[in-house]
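# Report on the structure
So the chains spell out like this:
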Amino acid sequence: MNPIVINGTVLCDNITGIPRYVYETVVRLDKLIEGTGLDVRIAYRDDGREIHLPELKNIKLVPLKAVKYFYNMAVLPAYLRREHAFFVGLASDMLMTRRSVVVLHDIRPLVMDTDRGFFRFKFWVHCLSTKWFAQRVFTVSYDQRQLIHDKLGIPLDKIGVTYNGWEHMAKVQPDESIFERMPAVKKGEYFYALGSLAGHKNFKWIREVARRNPDKTFVVAGGKDLRAFGDDTEAKDTHNVFYPGYVSDAENAALMKHCRLFLHPAVFEGFGIPPLEALALGAPIALAKASCLPELYGDTARYFDPYDYEVDLDALAARPVAPPDKVLAKYSWDKTAAFWLEEIKKYVEENKERFLNELFELIRIPSISSLSEHKPDMYRCAEQWTKIMLAAGADRAEVYETEGNPVAYGEKIIDPALPTVLVYGHMDVMPVDPIELWNTKPFEPVIKDGKIWARGADDDKGQAFMHAKAFEYLMKSGKLNCNVKFMIEGEEEIGSPSLPKFCRDHKDMLKADVILVSDTSMIGRDIPSITTGLRGLAYWQVEVTGPNADLHSGIFGGAVANPINVLCKMIADMQDEKGHITIPGFYDVLEVSAEERAKMAKAPFDLENYKKSLDIKEVKGEEGFTTNERTGIRPTFDVCGIWGGYTGEGAKTVLPSKAYAKISCRLVPNQKHEKIAKLFKEYFESIAPDYVKVKVDYLHGGPSYVCPIDLPAYAAAEKAYEEVYGKQPV
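This structure is a prediction, so every number in the text was calculated from the model and none was measured.

## Things to note about the overall build of the chain
- A count of helices and strands for the chain gives 24 helices and 28 strands.
- In terms of overall size, the chain is more extended than a compact globule, its C-alpha atoms giving a radius of gyration of 37 Å where 730 residues would be expected to give roughly 27 Å.
- Dimensions of the chain along its principal axes, counting C-alpha atoms only, are 130 × 55 × 50 Å.
- Counting the 730 residues in the chain, one finds 49% classified as buried.

## Notes on the pattern of salt bridges
- For the coordinates displayed, the defined rule picks out 42 salt bridges.
- The closest approach of N and O atoms between Arg 396 and Glu 411, which form a salt bridge, is 3.4 Å. Taken together, the positions of Arg 396 in strand E14 (residues 396-400) and Glu 411 in strand E15 (residues 407-412) put the pair 15 residues apart, joining distant regions of the chain.

## Side note on the side chain of Lys 461
- Along the chain, Lys 461 falls in helix H15 (residues 461-477).
- Although Lys 461 lies buried, it forms no salt bridge, and the closest oppositely charged side chain, Asp 428, sits 8.7 Å away as judged by the N-O distance.
- When near neighbours in sequence (up to four residues on either side) are disregarded, Lys 461 contacts Leu 359, Leu 362, Ile 363, Ile 365, Ser 367, Cys 381, Trp 385, His 426, Met 427, Val 429 and Gly 456.

## Description of the side chain of Glu 491
- Positionally, Glu 491 belongs in the loop between strand E19 (483-489) and helix H16 (499-505).
- Residue contacts for Glu 491: discarding those within four places in its chain leaves Ser 369, Thr 402, Gly 404, Asn 405, Asp 428, Ser 496, Pro 497, Ser 498 and Leu 499.

## Let's talk about the sheet that holds strand E6 (residues 136-139)
- Taken in spatial order, the seven strands make up an open sheet running E3-E2-E1-E4-E5-E6-E7, and their pairing is parallel. Of all strands in the sheet, those with a lone pairing partner are strand E3 (60-65) and strand E7 (159-161), marking the two edges. This sheet shows a mean twist of 25° between the axes of neighbouring strands, independent of strand direction.
- As defined by bridge partners, E6 adjoins E7 across three bridges and the pair is classed as parallel.

## Looking at the sheet that holds strand E9 (residues 217-221)
- Sheet architecture is open: six strands sit in the order E10-E9-E8-E11-E12-E13, paired in parallel fashion. Two strands lie at the open edges of the sheet, namely strand E10 (241-245) and strand E13 (302-304), each paired on one side alone. Recorded for the sheet is a direction-independent mean angle of 25° between the axes of neighbouring strands.
- The pairing of strand E12 (residues 285-288) with E13 spans three bridges and is classified as parallel.

## Describing unusual backbone geometry
- Omega for the bond connecting Asp 433 with Pro 434 falls within 30 degrees of zero, at 0°, which places this linkage in the cis form.
- Here Pro 434 shows up in the loop between strand E16 (420-426) and strand E17 (446-448).
- Residue Asp 459 is joined to Asp 460 through a cis peptide bond whose omega torsion reads 10°.
- Its location among the elements puts Asp 460 in the loop between strand E18 (451-453) and H15.
- At Asn 202, a position not held by glycine, the phi torsion is positive, near 60°.
- Within the secondary structure, Asn 202 sits in the loop between strand E8 (190-194) and helix H7 (203-212).
- Asn 202 sits in the buried class, given a relative accessible area of 9%.

## Here we look at the nonpolar core
- If you look at the biggest cluster of nonpolar residues, it comprises 72 residues, and the most contacted ones within it are Val 26, Leu 90, Tyr 192, Phe 271 and Tyr 297.
- Residues contacting Tyr 192, with those up to four places away along its chain left out, are Val 219, Ala 221, Val 247, Asn 252, Leu 255, Met 256, Cys 259, Leu 261, Phe 262 and Leu 263.
- Ranked by size, the runner-up nonpolar core spans 30 residues in total, among them Ala 397, Ala 408, Met 427 and Phe 465.

## Structural notes on helix H9 (residues 273-280)
- In terms of burial, H9 is largely enclosed, as seven of its eight residues are buried.
- Along H9, the residues that are buried comprise Ile 273, Pro 274, Pro 275, Leu 276, Glu 277, Ala 278 and Leu 279.

Conventions adopted
- Residues numbered from 1 in each chain as written.
- Predicted model: local features only at pLDDT ≥ 70, side-chain atom pairs only at ≥ 80, totals over all residues.
- Heavy atoms only, no water.
- Helix = DSSP H or I, 4+ residues; strand = E, 2+ residues; numbered from the N terminus.
- Rg over C-alpha atoms; globule rule 2.2 N^0.38 Å.
- Buried < 20%, exposed > 50% of the residue type's maximum accessible area, 1.4 Å probe, protein only.
- Salt bridge = Lys/Arg side-chain N within 4 Å of Asp/Glu carboxyl O.
- Lys, Arg positive; Asp, Glu negative; His and termini not counted.
- Contact = heavy atoms within 4.5 Å.
- Pairing = 2+ DSSP bridges.
- Axes fitted to C-alpha atoms, helices over the stretch in contact; angles between N-to-C directions.
- Core = buried A, V, L, I, M, F, W, Y, C linked by side-chain atoms within 4.5 Å.

See below:
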């Protein structure tokens, strides 16, 4: 999964305004992404300043050394390209990258003449970059949305709206000591405002109204150099205007809480957080009837003309307003963070196409190991796997020759002292015959009902690819804390005949602390499960010969034995009416205790759904055992294929010379596949009647395996499942 990078440089500034938006969103987003697997990072310019953030659990901080102007122009874009990252600009910061979304909090420099010179030019370039490069643009009010559309020509359907919030004020304990610094200021009797020299904040209105109302008390927080206009001297306390300078959040909360009316005369705002903070503290608010303010605050605020200095403050304060509940419910940092989580998920969903395309490219290779004509495809698939591993972050990846099909191997060694995980997978697939029974082309993947339908999508290209992408995520998120090796073989479907020698020859290279295999199954989509044992296998091909040539059944039928009939009878005799296999010595098996069988019975299993999904009326198997037990702890006997005589179109009355079958047995602990292979051959030959000859070829086999569940690796897998699914695996 590609990382999502947020520019957090503004978090090195005071946490007000736009930095407040970024801070509150990021802190909440860190909690929301837990367990989602999303790789979210905050990159910031490391210039020695402290970044104002609590300890984050799921979002990674990425300091990037850079001087001021080169950070946005070169350093951050280079990092995004290197990490194949998607950029989220929450602080009106746009980079020339198409894989991005940007929040333009306001476009004041394009609307007002209060900003001139280089800043105005730079802002124009910034906005044009946003227009040309960003996939989507967001702003903080519908008023700004319309302005962005009008001024920049960005289509309205490309501009979304995301709001600010107020919950940070709920955590602030008002600092009442601020009033000790201003003993003349009486609680409940003063008008409070936040002052700024920025032209659009309209500080002049506060000064002029204060001069016209000498009987009223005003408190204006902000810099000590607040000036009303021109060459006015440094702002100083007067008999009715008090300037406490910059105040802390706690002091600001106290001043808001106890004011008679909070005044906000700004003539231009993107959103305007201070009035929302005041409402959250129970303060009445009066706002300029300008810009986005009436849209955002509706009937919870009193409004005034920001150019009318003769306003009647008593009448203004007395105007009735609606309670703030609806506004406070609408504008929330929690909602903003949830909004951005959904936007990030949308990006991931869109980016999923890249992952699917890579997987589909792998699936389209017809790597059928049992058919010699597909040998070149095995090498093509192995080469594709090396590309996948290298792109994911492996130090090296190579194709290794074996006595049969190739093995693709890759590794990432971050520290030889750390544990090493060896991921096993196989690139080969089974034959697709009979092709006429397929509803889709076997090597052309199709997505239907939320599933990928194709040969190899499930066994085992899909699972192995999943591990490669998990490895890629850990590499790009910087979360990989172990060494990783991949061994993708090409003969699993034919019994891995070349793999033992390959492993012996490359024992040191393959050395690992744990082997991770996902070529298994889960009980259900919402039921996490860990396979702790696999049955072994023994596989034969048998040949039964009757006459020395095919005969006409009309002439020889009834006088000469039919090999197909005989073969069917011999196969039927391999099991009794209770489903027991009749091979002498076959049941040298590890019997499962009643306690273990009781635990197995607790695994969720719906027999009716099982039968329905397979379109069968009833299940069949060894008597005395459940379906789960038959597929998990008991050996089996299965005919995998049977043929002989004439199978072409139409009729041919032939008494065949030969009949064939492919037969396999699944084995459980204590059963050695070499021993079972010998027992089968001896028994099959012993039950053959004198009127036929039989030949038994042992094709391949492998032992069963049971994994100890007290290993640290097992505990880690169990914990991972629990974190993702919220429940313990079965």
